[in-house]
Amino acid sequence: MKTLEDALKGRVAIVTGGASGIGRATALLFAAQGAKVVVADIDGPGAEDTAGRIAAGGADAIAVQADVSSPADCERVVRTAVEGFGGLHALFNNAGIIRRSTALDLGVDEWDRVMAVNVRSVFLMCKYAIPAMTEGGAIVNTGSGWGLKGGGNAVSYCASKAAVVNMTRALAIDHAGAGIRVNSVNPGDTDTPMLRDEARQLREDWAAFAADAADRPMGRAGTPEEIAQAVLFLTADTSSYITGTALVVDGGGLA
Ligand code: NAI
């Protein structure tokens with residue numbers, strides 16, 4: 001019987017956007033479960049900080065400063081895992097950005113940037129990571145509740161996350177034969193720097209934003225650690241017959 005104890009022992013994992021929020025919590029959890037982790041982020045010092053916390057806990061981590069919208073950077077991240085840790089088994093495509101705006105107010109360049117960081121990145125990381133997963137592997141892409149149901153004042157973000165959810169299904173079908181599972185995790189509001197930045201973009205006081213209960217039947221936002229547990233489940237062998245699925249972790253917000 002497989003359990004989640006030491007679920008990733010001996011595995012090599014890449015976490016993008018690992019300097020903050022959900023990515024950092026997942027990198028720490030992966031390491032606690034036995035993985036060697038490559039922490040990639042456009043925020044180099046932040047990635048170093050996460051890798052330092054992992055090392056302080058006695059596990060192995062390498063920080064890489066990388067922009068996941070860049071093909072060369074994505075290739076370098078994968079190469080770092082293979083050359084630094086001898087292989088690759090898991091990939092968490094988590095880096096993302098949001099612009100809280102309607103189509104009328106959103107700049108064309110802002111649309112392109114959201115699509116590049118949220119969607120092109122998933123294609124690029126998979127393009128380079130899958131050939132490196134020679135023993136099979138598990139990929140988790142970060143969608144969003146808004147990628148499934150839509151939401152107001154975030155037109156590019158909603159489009160980008162819907163693309164991630166359906167790209168995940170396509171990747172799952174294409175690479176199942178190679179022993180590679182691909183799923184998406186779809187968080188609802190999660191208390192991270194991104195969520196607090198959203199309140200700023202909407203010019204809303206954080207307390208008022210946090211108190212808005214429309215999407216939160218449980219009366220609170222999720223924590224990064226709660227999302228990380230779902231990512232661990234989809235990455236570990238305990239979910240060996242799950243691929244192409246969109247797992248929602250939102251405290252009932254879609255219900
Ligand atoms: P965060 O802002 O705390 O962390 C995102 C990380 O991605 C940051 O460290 C940032 O530097 C990095 N990043 C941004 N652009 C990058 C690039 N071009 N290349 C490499 N790294 C880059 O945000 P959070 O909340 O932890 O978000 C993580 C993922 O979860 C994102 O994909 C987000 O869309 C998704 N999500 C978050 C929700 C929330 O309520 N916080 C809800 C649903 C989905």
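Here, every reference points to the structure presented above.
Residues numbered from 1 in each chain as written. Predicted model: local features only at pLDDT ≥ 70, side-chain atom pairs only at ≥ 80, totals over all residues. Heavy atoms only, no water.

Draft legend 1. Summary view of the overall build of the protein chain. When its secondary structure is counted, the protein chain shows 9 helices and 7 strands. Taken over the C-alpha trace, the protein chain has a radius of gyration of 17 Å; the compact-globule value for 255 residues is 18 Å, and the two agree within 12%. Dimensions along the principal axes, computed over C-alpha positions, put the protein chain at roughly 45 × 35 × 35 Å. Burial status across the protein chain gives 50% buried among its 255 residues. Within the protein chain, contacts between residues at least 6 apart in sequence are counted, and of these 73% link residues at least 24 apart. Accessible surface, the protein chain as shown: approximately 11200 Å² in total, 53% of it carbon and sulfur. (Helix = DSSP H or I, 4+ residues; strand = E, 2+ residues; numbered from the N terminus. Rg over C-alpha atoms; globule rule 2.2 N^0.38 Å. Buried < 20%, exposed > 50% of the residue type's maximum accessible area, 1.4 Å probe, protein only. Contact = heavy atoms within 4.5 Å. Areas by Shrake-Rupley, 256 points an atom, 1.4 Å probe, with all protein chains shown as cover.)

Draft legend 2. Spotlight on the pairing of strand β1 (residues 12-16). Most of β1 is tucked away: 5 of the 5 residues are buried. What you see with β1 is no split at all: Val12, Ile14 and Thr16 on one side and Ala13 and Val15 on the other are buried throughout. In terms of strand pairing, β1 meets strand β2 (residues 36-41) through 5 bridges, oriented parallel. Looking across to β2, one finds that Ala13 is bridged to Val37. In terms of strand pairing, β1 meets strand β4 (residues 90-93) through 3 bridges, oriented parallel. Note on β4: the bridge partner recorded for Ala13 is Ala90. (Pairing = 2+ DSSP bridges.)

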